[in-house]
Amino acid sequence: MNDRAPSHVALPREKIEHTAQWRLALLFAFAALAGAVLLTGVSMWFLGAVALAGLTPAALTFNFHMPAAFIRLFALTRTAAKYGERVVGHRAALTDQVLRRATLFAAMAAAPSVRKAGWQLGNPDRLADFLDDVEDVDYARLRVGLPSTTLGVAIVLLLAATLWSAPLAMVMILLLFAANTGGAYYLTGRGDADLAGMRESRQEASRLLGAAMQAVVPLQAERRWNSMLGAPFDGYASAEARALMLRRRQAVVDMLAGCLAPCAMLSVLICAWLTGLRGAALLPPALLAFAWLAIGESVQGVSRILIASVREKAARVALAKWSIGPDGTAHKHTPEQIRSLTLERLVRRTPDGRLLGRPFGATFTAGRPRILHGASGCGKTSLLKQIAGWLDAADGCVLADGVALDTDKRRAMSSFCPHDAAVLADTVRENLFAPNASDEDLWTALSAVELDGRIREAGGLDGWITQAVLSLGEAQRLNLARAWLSEKPIVLLDEPVEHLDADQGKRILAALLFRLRQRIVVLSSHETGLMLAECRPLLVTQ
Amino acid sequence: MLNAALNRHESRPIRSKASEKPIPNAVSQPTAPGSATLRLARNLAGPSLRAALALQMARIGSRIAFTGLSAIFVGEMIFGRANWMLFGAALGSLILGSVTGLATDRVLASTELKVANGLLGAARRALVAASPADVQAMPAGTLIAGLQRYPQAIASLAVGHRLASIMLGLGPSAAAAAIAAVSWQAALALVVLTPVMIVFFVLVGGAIRSGAEAQEKAFGRLAAQFADRIRALPTILGNHGLARERRKLETRLDTYASGTMSVLRIAFLNAGIIDFFASLSIAVLAVFLGLGHLKLMSVPGFAGLQLWQSLFILMIAPEYFAPFRRYAEQYHAKAGGVAAATALDTLVLAARPRSIDFETAILTPDLIHAASLLPRTGLVAITGPSGSGKSTLLRHVAGIGTARSDGSELDRPEIAWCSTEIHVPEGTLGDAIGWGTGQSCRTRLLLAAGNVGLLDDVLLPGGLDALITAGGENLSGGQRVRIGLARALASGRAILADEPTAKLDPVNAAMVRRALAGASRGRLVVVATHDRDLAMLAGKTIEAGPASQQVEENAA
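Residues numbered from 1 in each chain as written. Chains lettered and ligands numbered in written order. Predicted model: local features only at pLDDT ≥ 70, side-chain atom pairs only at ≥ 80, totals over all residues.

K.L.:
Would you take a moment to explain the overall build of chain B for this structure?
P.N.:
The helix and strand inventory of chain B stands at 20 helices and eight strands. Burial analysis of chain B (556 residues in total) assigns 51% to the buried set. (Helix = DSSP H or I, 4+ residues; strand = E, 2+ residues; numbered from the N terminus. Buried ≥ 20, exposed ≤ 12 C-beta atoms within 10 Å, placed from the backbone.)

Structure (C-alpha cells):
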C-alpha cells in the first residue's frame, strides 16, 4: 500500500551521480588524450633530435632508449586509456541510468497528468519521443560532460604552453577560437529552434496521419484519402528539411573546428621561426605545434558535443512536464471495509473543462452493485475517476459510512480498472497485481474470467505475456481477473464487458459481482443492453 | 513490401496522380534477398552518393596533402630552410580540404534528406494504394512512430554508412600511396599489417555477436521494461502496483545494464584494435626511423632518409587507419538502419487482413448484381445479421475494398459517406459540417445541422459555433454520425451510411431516419443497418448473409 512517491520528487539531476566511477572515467579520458598528444609531439621531437644529432658525431652517444621507451609508453597508454574511458564511462552512465529511470518512473506516477483523461504516453509515437528525451538525459554526461571537460583542460594546457613558448602565435589562435565560439553560439542558438520545430512538425503530422487512418473508410469512399495524406506527409517532409538545416549548420561548425588545430600548429611554428629560433631550439615549439595537431581529432567532435547539450536541455524541459505538480501526501490509514459510499453534489467536467450536466448525487451500498448507464460522453468515466480519487471532487464530496474522504484516501481505498487497461510485459503472476495471493487464488480468478485455458497454453502463471500476445478480449478478461483479486473496499470497473461477446460478458460479470459481494462495486457501460439481475442501473444524464 | 504494394496498386481502380508515378528503379529491381526498403534507399541515394564519394576523396586527398606538406615544411625548417612556397601550399590544401569537407557534409546531408523523403513518398504511395481493410489492419501507432524515425535511420545507413564503408577501401589506399612516394617499404609495412588487424576484427566480431546473442537470450525480455512500465502507468496505479513495480523495474534495469556492459566490454575492443594499431604504428615507425637517422640500423626504406621524409611517413601513417575508425563509429548507424529497414518493410503492409478471402466469400455474384442495380433516387437498405457483410457490400457500392465487380464499375464518384469513423476537423461545428462539401453558406449549414438535431444538443452547446477539439475527441459516436449526416445533406451528394442509427438514443434515431428518408427523395441513399425501423422506410432492401441473398422490392 505504500505506493505513493514522496511529494517533493522533482527530476533527479546530478544527485545520483556515481562520483567515483565518473572520476575514474575522467582520469582515463585525460590519460587517453594526453597519450595521444604526447605520442605525436614526442615522436616528432625525437625524429627532429635524432636527425640533427645524426649529422654530428653525437649520433653515437645519443641516448635513444629513453625517448623510444616513452613513445611506446604513450602509445600503449593511449590505447588502454581510451578503452578504459569507454568502458568505465558507459558503466557509469548505465549505473546512473538505472537510478534515474527508476526515480523518473516514481515521479511521473506521482504527477497528476497520469490520472487525467487519455494517457498520452500510451501512444507509441509519443512514447518514442519521451524515450528519446530520457536517453538524451541519460547519456548527456557521457556525450557532453566527459569529452568537453577533457578537451577544455587539454586546450587550456596547450594555450598556457603556447603563451610561454610562442606568445605571438596566441593572436592567431585566439582569432580562431573567437571564430569557433561564434560558430558554437550560432549552432546552439539555432539548434534549439530546429529541434523543437522538427518535433512539432512530426507530432502534428502524426496526429493528422492518425486521424486520417481512423477515417480511412469514409475518406476512401469520398475519394479524399490521397489528398488527406498530403498534410501529414508534408509535415514529415518539413521535419526532415529542418533536420537538413541543422546538419548544414553542424557542417559549418565542423569546418571551423577542423581548421583550428592545423592553423594553431602552423601559427606556433611560424612564430617560433620569426622569433629567430633555429635548429635544435625549434624542437620544443615543434613539439607543441604537433601537440596542437594531435588534439584536432578531439576538436572535431565539438559539434556533436554541442548538439548533445542542446538536446539534453530540451529533453530536461520536456521531461519536467511529465512530473510537475506531484500531488497528495503519504498514505494514511484507511478502513478495509465500508458499508456505504455517498456522492454529494459531484460536478462532472469534460476533459476540456466544460461542465457536464447537473451535480450528481448517489449512494452506493456494499453488496448492491450499480451500473452507470448513459450515452457516450455523458461523463461516466469522469465520475468513476472522481470516486477513485483520480480526479478531484471540486465542491462535491464523497463520504464512506458518513465520513468524508479526500482524494488520497479514495485512491488508497479503491481499485480502478480503466477500460483500456494495459498488459505489462511480464509474467501472468505479476500481471495480476496480487503479490499476496496464493497460486490457487490466482487460478480461481483466471478460471472465473474464462482465461485459465489460454494462460495454461501460454505457460502458466510464470509464462511471459505482452500486450501483443493477448487479444483485446483476453486483455479485458485479464483486467477483470485483477478486479477479482483486488482487496480494496471499492472496486470501479469502466466498461467491463467491452470487447467481450454478450453472453460471456454477462457470465463473467455475474461471477465477479458474486465474488465482490461484500464490496462497493460501481461499473459503467454505454450499452443499455447490459442488464444484470444483480445490478441496479443508474442513469447518468446530461 | 513497398514494391508489393505498388504492384498490387496497378490492379486497383482508385488512381491518383501521385500514385501513378512509378518509383524510379524500384519496381524494376530484381528481387534480391534482403530488405526491399533498403534496396529502394540505395537506389534513391545512387547518383548523389557518387558525388559525395568524389568530394570525400578530394577531402581525404587535401588532408593528406596538408599533412604531408606541413611535414616537409617542418622537416626543412628544422634544418634552417623555411620554404614559404611549401607553407603556402600547405595552407592552400588546408583551405581546400575545409571547403571540400563542408561540401561533402552538405551533399551527404541533402542526399540523406532525398533518401528519407523518397522513403516517405514510397510509404505514402503504399498507404494510398492500400484498401481500407489493409489500413485498418496496420498497427497505426507503431507505423506513425516509425514514420517519424525510420526514414532518417535508413537514409543514414544507405548514405553515411555506405560512404564510410566504401572509404574503407579507398582511404587507406590513398594514404599508402602517399607514403609509398617516400618509402615504398614503409607503405608495404602498413599494408602487411592490415590483414593482421582484420583477423582481430573478425575474432572480436564473432565474440560480439555471440555475446549479444547471449544477452538477448538471457535478458531480451527486459530490454524495453522502462518503456513498457511508462506506457502502462495508469494501469499500475489503478491496481496499486507502483511500489512493487518500481522495485522490480530497478532490479531489472540493473540486470539488463550489467548484461549490456558485458557485451560493450567486448564491443569496445573493436575500436581498441584500431587505436592499438594506429598508436603502435606511430611508435614503431618513430623508433625505426630514429634509428635510421642515427645510422644504428640500415633497413632499406627506413634508413638514409631526410628528416622531412621520416616526418612525412610518421604523420601520414595515422591517416591510413582513420577510415577504419570512421567506419567503426558508424556501428550504431548500421544497427539502427537495418532494424528500421526491416521494420518499415513489414509495417506498411505487414497486415494481410482477411479482406480478400473474406470479401470473395461474402460478396457473391448475386449480391454484387443486386448492388449494381441501384436506382438514381430512393432509400436502399442493406440488412442482415452482424458479420453478414453489410459493411463490406456498402464499401463495394462505394467502389472501395479489394474484391472487384465484374467490370460493371459503378460510376458514382460523388459520394458522401456517413458513419462514426468520419473525419472531423478541429474547429467549430460549422467547419465540421462544411468540411469537404465546399459549402460555407451559413443558412444551409444551419438547416443541415437542425435536420439531425445538432443545434439543440446539450452536450454540444453553441450551435454552429460549438467547439470541436482535435480529432473530434469531445464528440460521441452518435454526434459524429449526425455530423456526417449533416455534411452529407449539405453536400447534395448520394449518401452511403454505415449503421447511422446504431449509437443514437431513440429521439435522435427517429430524427436521423426522417432526415435520411427526406434526403432519399432527391438522391440515392444506401444504408447498411440492422435498424428495422430504418429498413422499413426503404424502397429496396438487399439482404446480406451467407445463406440467403434476396432482394426484396417493396412498393415504395
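And the narrative resumes.
K.L.:
Looking at this model, I keep getting lost on the overall build of chain A. Mind explaining?
P.N.:
Each helix and strand in chain A was counted, giving 18 helices and 11 strands. Buried residues in chain A amount to 51% of all 542 residues.

K.L.:
Looking at this model, I keep getting lost on the pairing of strand E6 (residues 524-528) of chain B. Mind explaining?
P.N.:
A regular strand places its side chains so that they alternate between the two faces of the sheet. All names here are of chain B. Counting buried residues along E6, five of its five residues qualify, which places the element largely inside the surrounding structure. Side chains of E6 alternate between two faces, with Leu524, Val526 and Ala528 and Val525 and Val527 buried alike. Bridge analysis of strand E1 (residues 378-383) against E6 gives five bridges, and the strand direction is parallel. When the sheet's bridge partners are listed, Ile382 is paired in E6 with Ala528. In the sheet, strand E5 (residues 494-498) pairs with E6 via four bridges, with the strands oriented parallel. Counterpart to Leu496 in the pairing with E6 is Val526. (Pairing = 2+ DSSP bridges.)

K.L.:
Looking at this structure, how should I read the nonpolar core?
P.N.:
A general tendency of soluble globular proteins is for nonpolar side chains to be buried together. Of all hydrophobic cores here, the largest spans 340 residues; its most connected members are Val268 and Trp292 of chain A together with Ile154 and Ile179 of chain B. Those residues in contact with Trp292 of chain A that lie beyond four places of it in its chain are Leu158, Ala261, Ala264, Met265 and Val268 of chain A. (Core = buried A, V, L, I, M, F, W, Y, C linked by C-beta atoms within 7 Å. Contact = placed C-beta atoms within 7 Å.)

K.L.:
What is the right way to read the domain arrangement of chain A from this model?
P.N.:
A common way to report how large an interface is uses the accessible area buried once the components associate. Domain parsing of chain A yields domain 1 (14-322) and domain 2 (340-539). Averaged C-alpha coordinates put domain 1 of chain A and domain 2 of chain A at centres separated by 51 Å. (Domains from an automatic or database assignment.)

K.L.:
Any chance you could explain the interface of chain B and chain A here in plain terms?
P.N.:
Contacts between chain B and chain A engage 112 residues on the former and 115 residues on the latter. Of the residues forming the side of chain B that touches chain A, the biggest block, 27 residues, is contributed by helix H10 (residues 242-293) of chain B. Of the residues that constitute the side of chain B that touches chain A, the class distribution is 60 nonpolar, 34 polar and 18 charged. (Nonpolar A, V, L, I, M, F, W, Y, C, P; charged D, E, K, R; others polar.)

K.L.:
What's the story with helix H4 (residues 140-165) of chain A in this structure? I'm lost.
P.N.:
Given 3.6 residues per turn, any residue in an α-helix points the same way as the ones three and four places further on. Taking 1.5 Å of rise per residue, 26 residues should cover 38 Å, and H4 of chain A covers 36 Å from first to last C-alpha, within 8% of that figure. Those residues of H4 of chain A not exposed but buried are Ala140, Leu142, Arg143, Val144, Gly145, Leu146, Pro147, Thr150, Ala154, Leu158 and Thr162 of chain A. (Expected span 1.5 Å × (residues − 1).)

K.L.:
Looking at this model, I keep getting lost on unusual backbone geometry. Mind explaining?
P.N.:
Backbone geometry at Phe433 of chain A places phi at a positive 55 degrees, although glycine is not the residue there. If you trace the backbone, Phe433 of chain A turns up in the loop between helix H14 (428-431) and helix H15 (439-448). Phe433 of chain A sits in the buried class, given 22 other C-beta atoms within 10 Å. Residue Glu499 of chain B is not a glycine yet carries a positive backbone phi of 50 degrees. By the element assignment, Glu499 of chain B lies in the loop between E5 and helix H19 (506-519).

K.L.:
So what exactly am I meant to see when it comes to the packing of helix H3 (residues 36-78) of chain B against helix H11 (residues 307-329) of chain B here?
P.N.:
The relative placement of two packed helices is expressed as an angle between their axes plus a distance between the axes. All names here are of chain B. It is the contact of H3 with H11, at a shortest axis distance of 8 Å, that shows an interaxial angle of 150 degrees. The orientation of H3 with respect to H11, classified from their angle, is roughly antiparallel. Here the hand of the crossing between H3 and H11 comes out right-handed. Touching Arg63, Ile64, Thr67, Gly68, Ala71, Ile72, Val74, Gly75, Glu76 and Ile78 of H3 are Leu307, Trp308, Leu311, Phe312, Met315, Ile316 and Glu319, all from H11. (Axes fitted to C-alpha atoms, helices over the stretch in contact; angles between N-to-C directions. Parallel < 35°, antiparallel > 145°, perpendicular 65-115°, else oblique. Left-handed = near helix turned anticlockwise from the far one by under 90°.)

K.L.:
What exactly am I supposed to notice about the environment of Ser524 of chain A here?
P.N.:
Residues and elements named next belong to chain A. Note that Ser524 resides in strand E10 (residues 520-524). As a C-alpha pair, Ser524 and Leu493 span 31 residues in sequence and 6.5 Å in three-dimensional space. For Ser524, the contacting residues outside a window of four places in its chain are Leu372, Lys380, Thr381, Leu384, Asp494 and Glu495.

K.L.:
How do you make sense of the packing of helix H2 (residues 65-110) of chain A against H4 of chain A when you look at a structure like this?
P.N.:
Residues and elements named next belong to chain A. Two elements in contact, H2 and H4, have axes separated by 9 Å at closest approach and are oriented at 130 degrees. In this view, H2 runs oblique relative to H4, as classed from their interaxial angle. Of the two possible hands of crossing, H2 and H4 adopt the one that is right-handed. Residues Gly89, His90 and Ala93 of H2 form the contact with H4, whose own contacting residues are Arg141, Leu142 and Leu146.

K.L.:
Teacher, can you tell me more about the environment of Met245 of chain A here?
P.N.:
All names here are of chain A. Relative to the helices and strands, Met245 resides in helix H8 (residues 230-274). We classify Met245 as partly exposed; it has 17 C-beta atoms within 10 Å. Sequence separation of Met245 and Arg190 is 55 residues, and the distance between their C-alpha atoms is 9.4 Å.

K.L.:
For this particular structure, what's the right way to read the confidence of the model for chain B?
P.N.:
Predicted coordinates in regions of low pLDDT should not be interpreted in detail. Residue and element names in this part refer to chain B. When pLDDT is averaged along chain B, the result is 81; 86% of the residues meet or exceed 70. For the stretch residues 349-355, pLDDT sits under 50, and the model shows 17 contacts to residues farther than four places along the chain or on other chains. Overall fold confidence for the complex sits at a pTM of 0.84, while the interface term, ipTM, reaches 0.86. (pLDDT = per-residue confidence, 0-100.)

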